[in-house]
Amino acid sequence: MPREVSDAEGITWTCIQAFAGLGNDPEKTDAARVDGAGDQVHVVCTPSGGAKSVRIELTVDWETSLSDDDLLQAIRSQLAEEMSAS
């Protein structure tokens, strides 16, 4: 299920666990997991306005345990990392 958060610039980010729509069988669930980190999954966050999506790694219970501020911080950190790499 997607989760939406809005940042201070008025951008609404829609985040969903990667491969979430594939089903619940173990093989597909494993596809979302981060290699070498059993308690982490890939999450894709897409901003309103069509800017570039980001892929972040969060704990498996991110939808319920992560605050909006922490989710936005993870998005900002990934954006900063991608900008410095290019």
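Residues numbered from 1 in each chain as written. Predicted model: local features only at pLDDT ≥ 70, side-chain atom pairs only at ≥ 80, totals over all residues. Heavy atoms only, no water.

Asks: In this structure, what is going on with the nonpolar core? I would like to understand it.
Replies: Soluble globular proteins tend to pack their nonpolar side chains together in the buried interior. Formed by 13 residues in total, the largest nonpolar core has its most connected members in Trp 13, Cys 15, Val 43, Cys 45, Ile 56, Leu 71 and Ile 75. Within the residue set of this core, elements represented by two or more residues are strand S2 (12-17), strand S4 (37-47), strand S5 (54-59) and helix H3 (68-85). Here Cys 45 is in contact with Trp 13, Thr 14, Cys 15, Ser 53, Val 54, Ile 56 and Ile 75, once residues within four sequence places are set aside. (Core = buried A, V, L, I, M, F, W, Y, C linked by side-chain atoms within 4.5 Å. Buried < 20%, exposed > 50% of the residue type's maximum accessible area, 1.4 Å probe, protein only. Helix = DSSP H or I, 4+ residues; strand = E, 2+ residues; numbered from the N terminus. Contact = heavy atoms within 4.5 Å.)

Asks: What is the right way to read the side chain of Gln 78 from this model?
Replies: Within the secondary structure, Gln 78 is located in helix H3. Gln 78 has contacts with Val 54, Arg 55 and Ile 56, leaving out every residue within four places of it along the chain.

Asks: Would you mind showing me how to read the side chain of Asp 7 here?
Replies: Relative to the helices and strands, Asp 7 is located in the loop between strand S1 (3-6) and S2. Within the local environment of Asp 7, its side chain forms a polar contact with the backbone nitrogen of Glu 9, the two atoms lying 3.0 Å apart. Beyond its immediate stretch of four places on either side in the chain, Asp 7 contacts Trp 13 and Leu 72. (Polar contact = N/O pair within 3.5 Å; in protein donor to acceptor, adjacent residues only side chain to side chain.)

Asks: Teacher, can you tell me more about the pattern of salt bridges here?
Replies: Pairing is possible between side chains of opposite charge, provided their charged atoms come close. Taken as a whole and judged by the stated rule, the model has two salt bridges. Here Asp 68 ties to Arg 3 by a salt bridge, and the two come within 2.7 Å at their closest N and O atoms. Remark: Arg 3 occurs in strand S1 and Asp 68 occurs in helix H3; sequence separation between them is 65 residues. Overall, the relative accessible area of 41% leaves Asp 68 in the partly exposed class. Residue Lys 52 is joined to Glu 82 by a salt bridge in which the shortest nitrogen-to-oxygen separation is 2.6 Å. Within this pair, whereas Lys 52 is found in the loop between S4 and S5, its partner Glu 82 is found in helix H3, the two being separated by 30 residues in sequence. Using a relative accessible area of 24% as the deciding quantity, one classes Glu 82 as partly exposed. (Salt bridge = Lys/Arg side-chain N within 4 Å of Asp/Glu carboxyl O.)

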